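Structural overview
Below are the chains, spelled out letter by letter.
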Amino acid sequence: MDKTFHITTFGCQMNEHDSEILAGALEDMGYVQAASRDEAQVVILNTCSVRENADKRFFGTLGQLKRKKKEDKDNIICICGCMMQQQHIIDTVKEKYPWVDVIFGTHNIHRFPELLKSVVQQKKKAVEIWEDGRDIVEDMPMKRLHRTKALVNIMYGCNNFCTYCIVPYTRGRERSRKPEDIVREVENLVSDGVLEIMLLGQNVNSYRGETSDGENCSFAHLIEMIAKIDGLKRIRFMTSHPKDLSDELIDVFKSCDKLCKSIHLPVQSGSSAVMKRMNRHYNRDDYMRIVNRIKSAVPEITISTDIIVGFPGETDEQFEETLSLVKEVGYDSAFTFLYSVRTGTPAAKFTDQIPEDIKHERFNRLVKLVDSISAEKNRAYEGRIEEVLVEGKSKRNENTLSGRTDGFKLVNFPGDESYIGRLVKVKITEGKTFSLEGKIV
Ligand code: SAH
Ligand code: SF4
Ligand code: F3S
């Protein structure tokens, strides 16, 4: 009988990509993917720590696995990811969930096959956490989630220490991959049928690669190198910190056809005072200057953002500034979050925490505004013809396909399977709040 595995991924694209590597390692070891967690012998939970509800969902899911372990002690339960880089979480797991078999962190996922082998062979628990990232490990096998689009890490870690954020503690200091290694990976992906890549980093604008000749390579230059790869159609990236966005990058938006005309530019708040307490290293004027520079250089660009509501000390007036900034920029979409206290971050110790009911009330007002602007932006697409990379069938309807435009808008349209993985022209018939409807022309 086949040995089977199942991975549950919480959190961002970094974790999604790490799960692709874990799945690749398992397939290399002769495991096959199970249809569900219940059916799998090796279960992995890849955790996220960014907000409290991510922690809660993890512990909820982990609790359910106790029965699975009881039913068959040969089932192997593995946990990894950002939460495991925090000592208080490891302590809780050891105390309350002693039946977990494998625990590892974000810096040593390449060690997973060895850890799993030792558990299988010696029937002993394996716990291994590295405090920081050592040398970058290249050429790990990978089982990709999608056929025609792929995630490519260009750097690891974060040096920014925004006062609310746990990521620098769970992912360590910034480390950039060598440009040649990245180009080689993308070449291999393209020869495997990939048309679109998403370059990943917590702050891609501070990418500093070193070529084999010892030359520095900026993020903008890296994009130019990658764009030369024949057969690659689209390049995206995530995420760029406004403080490091260079004129050089804006120029590449203009000169490089393959670079998709969309940017995720997290603002977090509309108030300069809050931005300062968040340690964001820009103020409202700086941010607006960057947005206006991008818009005038690339008028068709779509802009999305992240916003935190109820950061400690946020006054009504400061929250109003967030609303007014959202209107002023006119985001195509925005991810909105209730501020969540993260143990170990500076903001967790701020004494002026905002009461939950006020946070929720502000949050609801913000979401309403963001949605109405998204709907208005999307309605402006009605009648236009957009190029769409068809990703698959829509989740809601068997006979509907879905894909993304160059500007990252989700489009649903009637069509059969033969279009999946292709770039097609779609006429937009309706702009809704979160997606566009269309038909192939
Ligand atoms: N590196 C990326 C963000 C990674 S985390 C960047 O700087 O843009 C994704 C988003 O989660 C952040 O942009 C922020 O809006 C949100 N976030 C991070 N920590 C949070 C916290 N403690 N409470 C609420 N939202 C948080
Ligand atoms: Fe967190 Fe700030 Fe780093 Fe983004 S830039 S990962 S928000 S510390
Ligand atoms: Fe990503 Fe969550 Fe870690 S957002 S970097 S998986 S804390």
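Residues numbered from 1 in each chain as written. Chains lettered and ligands numbered in written order. Predicted model: local features only at pLDDT ≥ 70, side-chain atom pairs only at ≥ 80, totals over all residues. Heavy atoms only, no water.

Focus on the site of ligand 1
Close to ligand 1 lie 15 residues; Gln 202, Pro 266, Gln 268, Asp 306 and Ser 340 are nearest. Between ligand 1 and Tyr 164, the relevant distance is 3.1 Å, taken from a nitrogen atom to a main-chain nitrogen or oxygen of the residue. Coverage of ligand 1 by the protein amounts to 90% of the 540 Å² it exposes when considered alone. Of all elements in the fold, only strand E15 (302–309) and strand E16 (333–338) reach the threshold of two or more residues within the shell around ligand 1. When the residues that make up the shell around ligand 1 are grouped by side-chain class, the tally is 7 nonpolar, 4 polar and 4 charged. When residues of the shell around ligand 1 are sorted by domain, at least three fall in each of domain 2 (146–260) and domain 3 (294–379). (Near = heavy atom within 4 Å. Polar contact = N/O pair within 3.5 Å; in protein donor to acceptor, adjacent residues only side chain to side chain. Areas by Shrake-Rupley, 256 points an atom, 1.4 Å probe, with all protein chains shown as cover. Helix = DSSP H or I, 4+ residues; strand = E, 2+ residues; numbered from the N terminus. Nonpolar A, V, L, I, M, F, W, Y, C, P; charged D, E, K, R; others polar. Domains from an automatic or database assignment.)

A look at the sheet that holds strand E20 (residues 423–431)
Taken in spatial order, the 5 strands close into a barrel running E17-E18-E19-E21-E20, and their pairing is mixed. With direction set aside, neighbouring strand axes in the sheet form an average angle of 50°. Here 2 bridges tie strand E19 (residues 410–414) to strand E21 (residues 436–440), and the two strands are oriented parallel to one another. If you follow Asn 412 over to E21, its bridge partner there is Glu 437. (Pairing = 2+ DSSP bridges. Axes fitted to C-alpha atoms, helices over the stretch in contact; angles between N-to-C directions.)

Digging into the site of ligand 2
Surveying the vicinity of ligand 2 reveals the residues Cys 158, Asn 160, Phe 161, Cys 162, Tyr 164, Cys 165, Val 167, Pro 168, Gln 202, His 241 and Arg 280. Partitioned by chemical class, the residues of the shell around ligand 2 number 7 nonpolar, 3 polar and 1 charged.

Examining the packing of helix H6 (residues 179–191) against helix H7 (residues 219–227)
It is the contact of H6 with H7, at a shortest axis distance of 10 Å, that shows an interaxial angle of 35°. Note on packing geometry: the crossing formed by H6 with H7 is right-handed. Contacts from Pro 179, Ile 182, Val 183 and Val 186 of H6 reach H7 at Leu 222, Met 225 and Ile 226. Residues of the contact of H6 with H7, tallied by class, amount to 7 nonpolar, no polar and no charged. (Left-handed = near helix turned anticlockwise from the far one by under 90°. Contact = heavy atoms within 4.5 Å.)

What to know about the sheet that holds strand E4 (residues 76–81)
Read across the open sheet, the 6 strands follow the order E2-E1-E3-E4-E5-E6; overall the sheet is parallel. Either end of the sheet is taken by a strand with one partner, and the two such strands are strand E2 (31–33) and strand E6 (126–128). Neighbouring strand axes in the sheet, compared pairwise and without regard to direction, differ in orientation by 20° on average. Pairing of strand E1 (residues 3–9) with strand E3 (residues 42–47) involves 5 bridges; the strand directions are parallel. By the bridge assignment for E3, Thr 8 is matched with Leu 45. Sitting on the sheet, helix H1 (residues 13–28) touches E1, E2, E3, E4 and strand E5 (102–104), and the angle it makes with E1 is about 175°. Set on the sheet, helix H2 (residues 52–71) makes contact with E3 and E4; between it and E3 the angle comes to about 170°.

Details of the domain arrangement of the protein chain
With domains assigned, the protein chain is organised as domain 1 (4–128), domain 2 (146–260), domain 3 (294–379) and domain 4 (385–440). Summarising the inter-unit geometry, the C-alpha centres of domain 1 and domain 4 are found 35 Å apart.

Notes on the packing of aromatic side chains
One pass over the structure, following the stated rule, counts 11 aromatic pairs. A ring pair is formed by Phe 219 and Phe 237, whose centres lie 5.0 Å apart and whose planes are at 85°; its orientation type is edge-to-face. Of this pair, Phe 219 sits in helix H7 while Phe 237 sits in strand E13 (residues 234–238), and the two are 18 residues apart along the sequence. In terms of burial, Phe 219 and Phe 237 fall into one category: buried. Judged by centre distance (5.5 Å) and plane angle (80°), the rings of Phe 311 and Tyr 339 are edge-to-face. Of this pair, Phe 311 sits in the loop between E15 and helix H11 (316–329) while Tyr 339 is found in the loop between E16 and helix H12 (356–379), placing the two residues 28 residues apart along the sequence. On the accessibility criterion, Tyr 339 (4% relative accessible area) is buried. Aromatic rings pair up to connect Phe 58, Phe 59, Tyr 97 and Trp 99 into one cluster. Sitting over the ring of Tyr 31, Lys 3 keeps its end group 4.5 Å from the ring centre. Directly above the aromatic system of Phe 337 lies the positively charged group of Arg 51, at a separation of 3.7 Å from the ring centroid. (Phe/Tyr/Trp six-rings, centres within 6.5 Å; stacked < 30°, edge-to-face > 60°. Buried < 20%, exposed > 50% of the residue type's maximum accessible area, 1.4 Å probe, protein only. Lys NZ or Arg CZ within 6 Å of the ring centre and 35° of its normal.)

Re unusual backbone geometry
Each neighbour pair has its own omega, and for Met 238 with Thr 239 the value is 0°, a cis peptide bond. In this model, Gln 268 sits at a positive phi of 75°, which is unusual for a non-glycine residue. Secondary-structure assignment places Gln 268 in the loop between strand E14 (262–264) and helix H9 (272–277). Unlike most non-glycine residues, Phe 408 shows phi in positive territory, near 70°. By secondary structure assignment, the location of Phe 408 is in the loop between strand E18 (400–405) and E19. Here Phe 408 falls in the partly exposed class, since its relative accessible area comes to 34%.

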